[in-house]
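Chain and residue survey
What follows is the residue order along each chain.
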Amino acid sequence: MNIDLCEHWSLGGVDVPGRLVLAPMAGVSVQAFRRQGRRYGAALVCSEMVSVAGIQHRNERTLGYLRVSSDEHPLAIQIFGSDPSAMAEAARMVEAAGADVVDMNFGCPVRKVTKTGAGASLLDDPELACRLVEAVATATSLPVSVKMRRGVENGSRTCLVVGPRLVEAGASSLTLHPRSAKQMYTGTADHSVTAELVELVDVPVIASGDIVSRARAQSVLATTGASAVMVGRAAQGNPWVLREIMGDDREPSREEVVAELLLFMRETVRELGEQRASGFLKKFYGWYLGRGRFPRPFKQELVVLRTVPEVEAALLGAAPGARFVLERLLSEQPDPTTEVLLDSLPISLYGGG
Ligand SMILES: Cc1cc2nc3c(=O)[nH]c(=O)nc-3n(C[C@H](O)[C@H](O)[C@H](O)COP(=O)(O)O)c2cc1C
């Protein structure tokens, strides 16, 4: 079995130059994560779920999620909500922000989201789910994709009933994470359900869940007929898994690991500001330095340091050669003052300033 992961496919007219997609993950999928994902082989990246209520209220932090840089295309921005007109307005803002695809979240199992009628609970309300897709597809010229769970209850096959209806309502692509919402992240993703969905719809399907290696990616693509596989948790602090899936299984050196982490930290500070970034980054230290790459006490040492520069100094102390790798990575980055459009949102998105 040798499936070509570099094969292009079309998501509602958007060219996706490969069959590996980076998953949307709340609290993870910042711009730095998405740009890194693109460098390591993901052909399509996605923002974390963005609240349409936050967009409607012009919440500054929410609007920050709509920032798009020039080197992350093609990019989907994911929205969640349960009000068709608010969803439509959010979709127009996603288009104005420069995304290539509007993705709709019908999969979030978290109570805070489902109790508002959004996320996975929409699988139990197909009429509303279809109205939301229709409203978004009508509001924007971008292709619309929907990401969903198999259903709410364990063993549910709701996605096989709702999926085709969402396509009729205007979805150009479906992503399936074949766990139930009740399962959260326990058990395994049952991709036999993905294969059934592929049979039922004539739009591309992306398979999400437990894709952790090239072997797994190849087998899920071969057995489901999906257009692409999506990688989530395996890529947290580990862009090298994307490279491995694409066919290059070199293990990174300690210097490479530290240099990627340092670059990620710098970009995240630029994106979120030093104060927010210092808390946000803590989980990434364990993710990058784990997998036997660095001893556990070192990771614990970093987490208790108060500022990002202190962490930088400790990392460079542990792997001094990372400085040179970082210099190379920085020289390969687009010039942040001209290329990375961190503040490119049209003024109107901020409500006229
Ligand atoms: C921390 C975390 C945050 C997530 N946030 C989102 C999200 O914002 N939107 C979404 O559609 N899925 C979200 N997911 C689900 C993932 O996109 C993916 O479908 C799921 O993790 C299964 O894939 P994996 O086994 O490769 O991690 C999240 C998952 C995790 C672990």
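Our structure is the block above this text.
Description of the structure in this document.

On inspection of all chains with the given rule, the structure shows 16 salt bridges. In this structure, Asp210 and Arg233 form a salt bridge, with 3.3 Å as the shortest nitrogen-oxygen distance. Of this pair, Asp210 sits in the loop between strand S9 (205-208) and helix H9 (214-224) while Arg233 sits in the loop between strand S10 (228-231) and helix H10 (240-245), placing them 23 residues apart in sequence. Relative accessible area serves as the criterion here: at 39%, Arg233 is assigned to the partly exposed category. Residues Glu332 and Arg328 are paired through a salt bridge, measuring 3.4 Å at the closest nitrogen-oxygen approach. Here Glu332 pairs with Arg328, and both are found in helix H15 (residues 322-332), just 4 residues apart, close to one helical turn.

Here we take up the site of the ligand. Not every one of the 16 residues close to the ligand is listed here, only the nearest: Ala26, Gln78, Ser208, Asp210 and Arg233. A distance of 2.7 Å separates an oxygen atom of the ligand from a polar atom in the backbone of Asp210. Taking Arg233, its side chain carries an N or O atom lying 2.7 Å from an oxygen atom of the ligand. Within the complex, 87% of the 610 Å² of free accessible area of the ligand lies under protein. Considered class by class, the residues forming the shell around the ligand number 7 nonpolar, 6 polar and 3 charged.

So, about the sheet that holds strand S3 (residues 20-22). Reading across the sheet, the 8 strands line up as S3-S10-S9-S8-S7-S6-S5-S4 and stay open at both edges, with parallel pairing between neighbours. Looking at the sheet topology across the chains shown, the edges are occupied by S3 and strand S4 (45-51). Within this sheet the neighbouring strands show an average axis-to-axis angle of 30°, counted without direction. The sheet contacts of helix H1 (residues 31-39) involve S3, S4 and strand S5 (75-80), and relative to S4 the element is tilted by about 160°. Against the sheet, helix H7 (residues 158-169) engages strand S6 (101-106), strand S7 (144-151) and strand S8 (173-180), with an angle of about 165° to S7.

Attention shifts here to the packing of aromatic side chains. Any two aromatic rings considered together are summarised by their centre-to-centre distance and by the angle between their planes. Taken as a whole, this structure holds 7 aromatic pairs when the rule is applied. A centroid spacing of 5.8 Å and a plane angle of 70° characterise the contact between Tyr40 and Trp240, whose relative ring orientation is edge-to-face. Of this pair, Tyr40 sits in the loop between H1 and S4 while Trp240 sits in helix H10; the two residues are 200 residues apart in sequence, bridging distant segments of the chain. By relative accessible area, Tyr40 is classed as buried at 11%. A ring pair is formed by Phe264 and Tyr288, whose centres lie 6.0 Å apart and whose planes are at 45°; its orientation type is tilted. Placement of Phe264 in helix H11 (residues 254-272) and of Tyr288 in helix H12 (residues 274-289) is noted, with a sequence separation of 24 residues between them. Each member of the pair, Phe264 as well as Tyr288, is classed as buried. Ring pairs connect the aromatic residues Tyr40, Trp240, Phe264, Phe280, Phe284, Trp287 and Tyr288, which therefore count as one cluster. Above the face of the Phe294 ring, Arg254 is positioned so that its terminal group lies 4.1 Å from the ring centre.

About the cut-offs
Residues numbered from 1 in each chain as written. Predicted model: local features only at pLDDT ≥ 70, side-chain atom pairs only at ≥ 80, totals over all residues. Heavy atoms only, no water. Salt bridge = Lys/Arg side-chain N within 4 Å of Asp/Glu carboxyl O. Helix = DSSP H or I, 4+ residues; strand = E, 2+ residues; numbered from the N terminus. Buried < 20%, exposed > 50% of the residue type's maximum accessible area, 1.4 Å probe, protein only. Near = heavy atom within 4 Å. Polar contact = N/O pair within 3.5 Å; in protein donor to acceptor, adjacent residues only side chain to side chain. Areas by Shrake-Rupley, 256 points an atom, 1.4 Å probe, with all protein chains shown as cover. Nonpolar A, V, L, I, M, F, W, Y, C, P; charged D, E, K, R; others polar. Pairing = 2+ DSSP bridges. Axes fitted to C-alpha atoms, helices over the stretch in contact; angles between N-to-C directions. Contact = heavy atoms within 4.5 Å. Phe/Tyr/Trp six-rings, centres within 6.5 Å; stacked < 30°, edge-to-face > 60°. Lys NZ or Arg CZ within 6 Å of the ring centre and 35° of its normal.

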